[in-house]
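Coordinate inspection notes
Spelled out from the first residue to the last, the chains are:
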Amino acid sequence: MIPPMSDAFRSGALPDALPRQPSLLPDEPPDAAGLAAAAAMPASEGHFDELHGRPASAPASPQLAPAWAGFWHATGAAGWQELAARAQRVQRRVQEDGATYNVYADPDNPTRAWPLELLPVLVGAGEWARIEAGVAQRARLLNASLADVYGDRHLLNEGLLPPSLVLGHPQCLRAMHGVAPPGGVHLHIAAFDLARGPDGGWWVLGQRTQAPSGLGYLLENRLIVAQQFPEAFRALNVQRVAAAFQTLLQGLLRLSPAGERSRVVLLTPGPHNETYFEQVFLARYLGLTLVEGGDLTVRDNRLYLKTLHGLERVHVLLRRVDDEYLDPLELRADSSLGVPGLLQALRAGEVVVANAPGAGWLESPGLAAFWPAVAERLLGEELLLPAATSWWCGEEAVWDRLAPELASYVVAPTFPTGVADAAQVAGALAPAARLALRGRIDADPAAYTLQARVRPSETPVWRPRGDAAGGDGLLEPRAVVLRVFALADGAGGWRVLPGGLARVAQRRDAQHDPWLSMQRGSASADTWVQTDGEVDTTSLLPRPLTAADLQGWHRTVTSRSAENLFWLGRYTERAENSVRLARLTLEALTGSSAHGASTPVLRALDALARRHGLVGAGVPAPEQGLRVFERALVHALGDADGSPSVAFNLRALRGCAQALRERLSQEHWKLIHEVGDHFQQHYAQIMQTAAAGRIEPLADALGVLGRVTTHLAAITGAQTDRMTRDDGWRLLSVGRQIERLDFLAHALATGFEHGLPQRDDGFALLLGLFDSTITYRAQFQARREVPPLLHLLVFDTDNPRALAWVARTLHDRFLKLARHEPLWAHELAAQLPRPERWPLDVVATPNAQGEHPALLAALHDASAQALALSDAIGRQLFSHVGAVDRAVWQ
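Residue indices begin from 1 for each chain and proceed along its sequence in written order. Local features in this predicted model are restricted to residues of pLDDT 70 or higher, and side-chain atom pairs are both shown and tallied only at a pLDDT of 80 or more, whereas totals for entire chains, interfaces and linings draw on every residue. Side-chain measures here rest on the full set of heavy atoms in the structure, leaving out hydrogens and waters.

Overview of the overall build of the protein chain
Put simply, the rule reads: Secondary structure follows DSSP: runs of H or I at least 4 residues long count as helices, runs of E at least 2 residues long count as strands, and numbering of each begins at the N terminus. Residue exposure (1.4 Å probe, protein chains only): buried if accessible area is under 20% of the type maximum, exposed if over 50%, otherwise partly exposed. The contact criterion used is simple: two residues touch if any of their non-hydrogen atoms lie within 4.5 Å. Only four residue types enter the tally: Lys and Arg on the positive side, Asp and Glu on the negative side; His and the chain ends are excluded. By convention, the point assigned to a charge is CZ for Arg, NZ for Lys, CD for Glu and CG for Asp.
Scanning the protein chain from terminus to terminus reveals 30 helices and 23 strands. For the protein chain, the spread of C-alpha atoms along the three principal axes comes to 105 × 95 × 70 Å. Out of the 890 residues in the protein chain, the part that is buried amounts to 54%. Summarising the internal contacts of the protein chain: among those between residues at least 6 apart in sequence, 71% fall at separations of at least 24. Separation between the mean location of the 83 positive side-chain charges and that of the 96 negative ones in the protein chain comes to 3 Å.

This is the structure we're talking about:
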């Protein structure tokens, strides 16, 4: 019950005798900017402080830079308290998207989740205008330099560029001399790594011109981080990036020989490339077909995409493959990443390659000191953005003068070729390592360039304070380098994408990596560029499709995807068969010691196990050494390299799925990923326990195989019920039926050759191999007779394991798959076995010697025809080496 208020309380006057208790609630809500300022750690000495917007030499002040004050004001105190939850959402989204980055330096764990910071890097409108002008100018300069070096060579002849530095670069391609790409555009994408120096000015650290990476990751960063701070994104008037990508696409189409009707593809080195995720992501965003070198072919100086329906013309190739791997005919002969004849197609003007081959030499840090003079010669302009001062050691006087001061510089390879050639701070090396480095430079000075150290500015990153949750965290300053992209419009102009891929150091002291390489452990951050004008609302969402557009619509299936789908089906079926055969073999071996498994059964299992790679050729037969055979089989189960056993098939299944990530549902991919991992984990535990002498591994091995069987059944369900029934799915199904027909026909033939139907355990083994034990018992009870056995395993068109069902399904789906090549398809289909037409009374009746020659001949022919169909599909649909080339789109 609430007591009544006195008159003094009603009037608001409190008696002097009553003490005043301070309010537990603040008069005003806490200010997020104040909370951020209080949580900010001081920037390192000698670095520009992005959070406070002041040079390193300025006196300390708690006042935040205007952009960051606006960011925290829009985020609010409640948003500050949710930073921990938002950081978790960022990491969860990265995992859900499957965003990864492959680190070559760690072979044991090469694939890592994409490292993304919660807070963006903020760039004001005024400073962005200066960056934009400087980057666009340098893009014009680089394109003009390429045109000159591969053309009239004024720069080399006049000594503005050292010939030994340019022509001696392995990525200056003699094959490109005299080649004039469409529109004179050599570069379509140019990336520049920038850092803000201690005085607040921006410096160019390096440039990427071969196949610049980062655009896909930039998009991923924007989609994730902007969702965490929607109020701040709107309040800061952050410019959007879609219009820049539209400029790139329009520029490519403008230069293409087919104009708006062009097919544009993105050439990837494949799933093992460090940035494969972003290549998939970028292709989806731009609506491009992602291809590998094997997907393409050059015919009559034209580039074609190999698809299930024939060869389709390709007009624009956006590449992520380095120069020397592009064409094995004219460049690196051992390359399997490129396309033979690509350079000749480029010379003929039949394809636009972005970027044109031969641009890699522009990335050499040894050229940095020469660009100002080149800009004066080609553009008649002074460079707007300065570069980090560099000295090429190939000039004898330079190295003689600077060698004693080596510890003061960053040492970079003049001709970088890989991750091992990353720049390093000489002063951060141990004395012995620095002395060794000096010795290498003495031996080959032209291979090294010295660069003045630029201390990148430090941007705030949020870190929880210990194990605390909520907003109880710190803002730690970390060095940041910004990669900015210039995109050609195809008409001689350049558009600088308003944003960039920020690379952020993962620790306060980043001397081990002066330019913050992702390969050496840096993280990434979204980059928000403010605009004083209107935010561009351009979208790359395609126009609505009309009814006319949808007539005859089909999804293009590249030959590479087709081949991977085909083998995804085959390896799924092969994994199921090898697991079933291994389980039945181990069960029979166990029974042989307890109940005496028959010799014919052991001989049949021995033959099947050897054919399917469950045991090696040197393992003695079960009759000679039962336990030796058993242990060899168990040990081979987990061998993913030495034999095509269970582990090998599961790894191959995963490899095919990895190459088809864009076609598989998340659940399907997860099942395939898990089945191999779980098998290896459980198998390793069994073998460790067995090695310690505590158990005999046989029983536990059977348990592991049982779990794999369940997993594979789920994968089969995903393939049957969760995939669109297009030509890609039909090819997967054809692959499965080929594998099933070969396995079952051969297994049944082996069984009859060893007389298994005449023995109880042999009869049961045949039913087990066909996974039809329950069905047989339901239909024929305990009968052990050959006619009902063959009826179920060969003739029953309702049994998906019967040869008749498998062959008919294979026949029908193959004809529908190859409907665009009816003559070829019907000729092959006519040779396929039709078991339902075999006379049961003939194949089921033995001869005088108790043999079934007609049945065995039919079974061996069925197995051979299945494998022959596989070969024919590979030649015609994957390799396109048939007698007549087919071009379905000019």
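Next comes the rest of the account.
Considering the sheet that holds strand S12 (residues 352-354)
Just so we agree on the cut-off: A pair of strands counts as paired when DSSP detects no fewer than two bridges linking them. Angles here are taken between N-to-C directions and fall from 0 to 180 degrees, while the axes themselves are lines fitted to C-alpha atoms, restricted in helices to the stretch in contact.
What the four strands build is an open sheet, ordered S7-S6-S11-S12; its pairing is parallel. Each end of this open sheet is capped by a strand with a single partner; those strands are strand S7 (289-291) and S12. Pairs of neighbouring strands in the sheet enclose a mean axial angle of 25 degrees, with direction left out of account. As judged from the four bridges shared by strand S6 (residues 264-267) and strand S11 (residues 316-319), these two strands associate in the parallel manner. Looking at the pairing, Val264 lines up with Val316 of S11. Sheet strands touched by helix H11 (residues 276-286): S6, S7 and S11. Its angle to S7, the strand with the most contacts, is close to 150 degrees.

Concerning empty space enclosed by the protein
The line we're drawing: Buriedness of a pocket was judged along seven lines, with at least five required to meet protein on both sides within 12 Å; pockets are open sets of points on a 1 Å grid over the protein atoms alone, cavities are sets where a 1.4 Å probe fits but cannot get out, and lining residues have an atom within 4 Å of a point. Grid points are joined across faces, edges and corners, and a volume is the space filled by probe spheres set on the points. Polarity classes work like this: nonpolar for Ala, Val, Leu, Ile, Met, Phe, Trp, Tyr, Cys and Pro, charged for Asp, Glu, Lys and Arg, and polar for all others, with Gly in that last group.
What the rule picks out here adds up to five cavities of 30 Å³ or more. There is about 80 Å³ of room inside the largest cavity. Considering the residues around the largest cavity, the lining is formed by Ile189, Gln210, Ala211, Pro212, Leu215, Leu282, Leu318, Arg319, Arg320, Ala354 and Asn355. Grouping the constituent residues of the lining of the largest cavity by class yields seven nonpolar, two polar and two charged.

What to know about the packing of aromatic side chains
For clarity, the cut-off: Stacked, edge-to-face and tilted are the three classes for Phe, Tyr and Trp ring pairs, Trp counted by its six-membered ring, which pair at centre distances within 6.5 Å; planes under 30 degrees apart are stacked, over 60 edge-to-face, the rest tilted. In our convention, an over-ring charge means Lys NZ or Arg CZ found within 6 Å of a ring centre and within 35 degrees of that ring's normal.
The full count for this structure, using the stated rule, is 21 aromatic pairs. Taking the centre distance of 5.4 Å and the plane angle of 40 degrees together, the rings of Trp567 and Tyr571 count as tilted. Of this pair, Trp567 and Tyr571 both sit in helix H17 (residues 559-594), separated by four residues, roughly a single helical turn. Among the aromatic residues, those joined into a ring-pair cluster are Trp68, Phe71, Trp72, Trp80, Phe229, Phe233 and Trp528. One cation-aromatic arrangement involves Arg196 over Phe48; the distance from NZ or CZ to the ring centre is 4.4 Å. The ring of Trp729 has Arg725 lying over it, and the distance from NZ or CZ to the ring centre is 4.0 Å.

What about the sheet that holds strand S14 (residues 409-413)?
If you walk across this open sheet you meet the four strands as S13-S16-S14-S15, and the pairing is antiparallel. Both outer strands of the open sheet, strand S13 (390-392) and strand S15 (424-425), are each paired with one neighbouring strand and no more. The pairing of S14 with S15 spans two bridges and is antiparallel. Within S15, the position partnered with Val410 by the bridge is Val425. The strands that helix H15 (residues 431-443) touches are S14, S15 and strand S16 (448-452); relative to S16, the one it contacts most, it runs at about 125 degrees.

Quick notes on the pairing of S14
Summarising burial for S14: five of the five residues are buried, a large majority. What you see with S14 is no split at all: Tyr409, Val411 and Pro413 on one side and Val410 and Ala412 on the other are buried throughout. Summarising the sheet, S14 and S16 pair through five bridges and their orientation is antiparallel. Among the inter-strand pairings, Ala412 is bridged to a residue of S16, identified as Thr449.

Thoughts on unusual backbone geometry
Cis geometry is adopted by the peptide bond preceding Asn355, which originates at Ala354 and carries an omega value of -5 degrees. Considering the arrangement of structural elements, one finds Asn355 in the loop between S12 and helix H13 (371-378). With a phi angle near 55 degrees, Asn237 is a residue other than glycine that sits in the positive phi range. Along the chain, the position of Asn237 falls in the loop between helix H9 (230-235) and helix H10 (242-255). Backbone geometry at Gln781 places phi at a positive 50 degrees, although glycine is not the residue there. With respect to the element layout, Gln781 can be found in the loop between helix H25 (773-780) and helix H26 (786-795). What makes Gln781 exposed here is its relative accessible area of 51%.

Description of the nonpolar core
Definition in use: Take the buried Ala, Val, Leu, Ile, Met, Phe, Trp, Tyr and Cys residues and link them wherever side-chain atoms come within 4.5 Å; each set so joined is a nonpolar core.
Counting residues in each nonpolar core, the largest one holds 143 residues, and the members touching the most others are Phe71, Trp72, Leu161, Trp361 and Trp528. The element best represented in this core is helix H5 (residues 125-149), accounting for nine residues. By size, the runner-up hydrophobic cluster in this structure holds 110 residues, among which are Tyr571, Leu712, Ile738 and Leu869.

What about the environment of Glu630?
Tracing the sequence through the fold places Glu630 in helix H19 (residues 626-637). Glu630 gets classed as buried once you look at its relative accessible area, which sits at 3%. Each C-alpha atom, one on Glu630 and one on Leu698, is 8.3 Å from the other, the two residues being 68 residues apart in sequence.

Digging into the pattern of salt bridges
Put simply, the rule reads: Should a side-chain nitrogen of Lys or Arg be within 4 Å of a carboxyl oxygen of Asp or Glu, the pair is scored as a salt bridge.
Scanning the model with the defined rule gives 41 salt bridges in all. Residue Arg654 pairs with Asp677 through a salt bridge whose shortest N-O separation is 2.9 Å. Linking Arg654 in helix H20 (residues 646-658) with Asp677 in helix H21 (residues 666-691), this pair joins segments that are 23 residues apart in sequence. A relative accessible area of 26% places Asp677 in the partly exposed class. Across the pair Asp727 and Arg819 runs a salt bridge whose closest N-O atoms are separated by 2.9 Å. In this pair, Asp727 is assigned in helix H23 (residues 727-753) and Arg819 in the loop between helix H27 (803-817) and helix H28 (822-829), connecting sequence segments 92 residues apart. We classify Arg819 as partly exposed; its relative accessible area is 40%.

What to know about helix H18 (residues 599-611)
Cut-off, in case you're wondering: Each helix should span, by expectation, one fewer than its residue count multiplied by 1.5 Å.
For H18, with 13 residues, the first-to-last C-alpha span of 19 Å sits near the 18 Å given by 1.5 Å per residue. Of the residues trailing H18, Gly613 is marked for its positive phi of about 75 degrees.

Here we look at the side chain of Gln210
Along the chain, the position of Gln210 falls in the loop between strand S5 (202-208) and helix H8 (215-228). With relative accessibility at 5%, the residue Gln210 sits in the buried group. Residue contacts for Gln210: discarding those within four places in its chain leaves Gln171, Arg319, Asp322, Asp323, Glu324, Asn355, Ala359, Gly360 and Glu363.

As for the environment of His682
Position of His682 among the secondary structure elements: in helix H21. For the pair His682 and Ala699, spaced 17 residues apart in the sequence, the C-alpha separation amounts to 13 Å. The contact partners of His682, leaving out residues within four places of it in the chain, are Val704 and Arg707.

A few points about the pairing of S5
Taken across its seven residues, S5 has five buried, putting it largely inside the fold. In the sheet, strand S4 (residues 189-196) pairs with S5 via six bridges, with the strands oriented antiparallel. Pairing of Phe192 across the sheet is with Gln207, part of S5. Here S4 folds back onto S5, and the loop between the two strands holds five residues, one of which, Gly200, carries a positive phi near 95 degrees.

Some remarks on the environment of Val425
Turning to its location among the elements, Val425 is positioned in strand S15. Residue classification places Val425 among the buried residues on the basis of a relative accessible area of 2%. As a C-alpha pair, Val425 and Val410 span 15 residues in sequence and 4.4 Å in three-dimensional space.

Focus on the confidence of the model for the protein chain
The test is simple: What pLDDT expresses is the predictor's confidence in each residue, scored from 0 to 100.
Residues of the protein chain with pLDDT of at least 70 account for 90%, and the chain-wide mean is 88. Predicted confidence for residues 1-26 stays below pLDDT 50, and this span has five contacts to residues more than four positions away or in other chains.

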